[in-house]
Amino acid sequence: MASSSTSVSGTSAPFGRNVVAMVTPFTPAGDLDLAAAQRLATYLVDAGCDGLVVSGTTGESPTTSDAEKEKLLRAVLEAVGDRATVLAGTGTNDTRHAIELSRQAEKAGAHGLLVVTPYYNKPPQAGLLAHFRAVADAVGVPIMLYDIPGRTGVPIATETLIRLAEHERIVAVKDAKNDIAAATEVLVRTDLAYYSGADEWNLALLAVGAVGIVSVVGHVAAREYAAMIDAVDKGDLPTARAIERKLIPAYQAIMTRTQGAIMAKAALELLGVLPTRAVRPPLVPATEEQVRQLRKDLQEVGLIS
């Protein structure tokens, strides 16, 4: 495992700084492609990532089995576990199932866990407290909470995050709530390490004290994001802004025209990193028209020839 790093503000970055929410490669027939997953993980770390999330939503976790999640985690750990922090997405909307997945991931060697807010059943804040604490009590590895109300239907309230920060294994937040004021208050009142969980907010959250990012666009722009983080650390906001603005077409191409995993896989196929852009239903692969536009956008910013 890569050692925990530290941001320029002195805040610990327990899961690295430049983290990618990794897609899960499938064969054209829809089977898990572990060899491709290992090649992808190696490619991303070589490109400047120091952390990976496997079996997050971008990894199509809703359509992979528990056994596949374990196999994928073990494969990625074997490939890059000595060079990068590897987190396993283990959150579900069933506390017992989340505990089972978390224990499975810990046993497999995960360096940490990404635990999303329970989705669809819309628990109250008291339920969120009980859920996250139960998962944290059940394992011995550090946890990153994932706050993304646009997908789950329920935000983790500021006061809930402050109370959860009291747990020794709850150490970080992947923030896709897009509320700078709320994030700043939690940063002031806790020691939680914040990670931007939405690419359009990466620079804004870094500027107010986030220690890193968990990115989808990082599949094609890991080097650029590493440079942006370094620029923020040095107080060079003009350079950081220039990098962010340069990447706008890449963000739009991957994150705004259809689901992010679909376009990230299409981009990786264009780059020759993945042999296929196959996804599992209910997702559908990028169309030829979408791929043509994607190529144009990535060429515009110099990410593909």
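None of the values given here were measured: they were computed from a predicted structure.

Caption draft 1: Structural context of the UniProt feature "site: Part of a proton relay during catalysis" (unreviewed entry) in the protein chain. Look at the UniProt record and you will see "site: Part of a proton relay during catalysis" (unreviewed entry) annotated at Thr57 and Tyr120. Structurally, Thr57 is set in the loop between strand 4 (51–54) and helix 2 (66–80). Within the secondary structure, Tyr120 sits in the loop between strand 6 (112–116) and helix 4 (125–138). When its relative accessible area of 75% is taken as the criterion, Tyr120 is described as exposed.

Caption draft 2: Geometry of the environment of Val86. Structurally, Val86 is set in strand 5 (residues 85–89). Note on Val86: relative accessible area 0%, which makes it buried. As a C-alpha pair, Val86 and Val53 span 33 residues in sequence and 6.0 Å in three-dimensional space. Contact partners of Val86, with chain neighbours within four places excluded, come to Leu52, Val54, Leu73, Val76, Leu77, Val80, Gly81, Ala110, His111 and Gly112.

Caption draft 3: Molecular detail of the pairing of strand 6. Burial of strand 6 is extensive: five of the five residues sit out of reach of the surface. On strand 6, burial covers both faces: Gly112, Leu114 and Val116 on one face and Leu113 and Val115 on the other are all buried. Here strand 5 runs beside strand 6; their pairing, made up of three bridges, is parallel. Its bridge partner lying in strand 6, Gly89 is registered against Leu114. At this point the chain moves from strand 5, through helix 3 (residues 95–108), to the parallel strand 6, and the crossover so formed is right-handed.

Definitions and limits used
- By convention here, each chain's residues receive numbers from 1 onward along its written sequence.
- With pLDDT at 70 or above as the cut-off, local features in this predicted model cover only qualifying residues; side-chain atom pairs require 80 or more to be listed or tallied, and sums for whole chains, interfaces and linings still use all residues.
- As a rule here, side-chain values cover all heavy atoms of the structure and leave hydrogens and water aside.
- UniProt positions are given in the numbering used here, feature names are shortened, and annotations may be inferred rather than shown by experiment.
- Numbering of helices and strands runs from the N terminus, with a helix taken as a DSSP run of H or I at least four residues long and a strand as a DSSP run of E at least two residues long.
- Three labels apply to residues, based on accessible area from a 1.4 Å probe with only protein chains included: buried if under 20% of the type maximum, exposed if over 50%, partly exposed otherwise in between.
- In this description, contact between two residues means that some pair of their heavy atoms is separated by no more than 4.5 Å.
- Strand pairing is assigned whenever DSSP detects at least two bridges linking the two strands.
- The path from the first strand over the helix to the second decides the hand: if it runs clockwise while the strands point away from the viewer, the crossover is right-handed.

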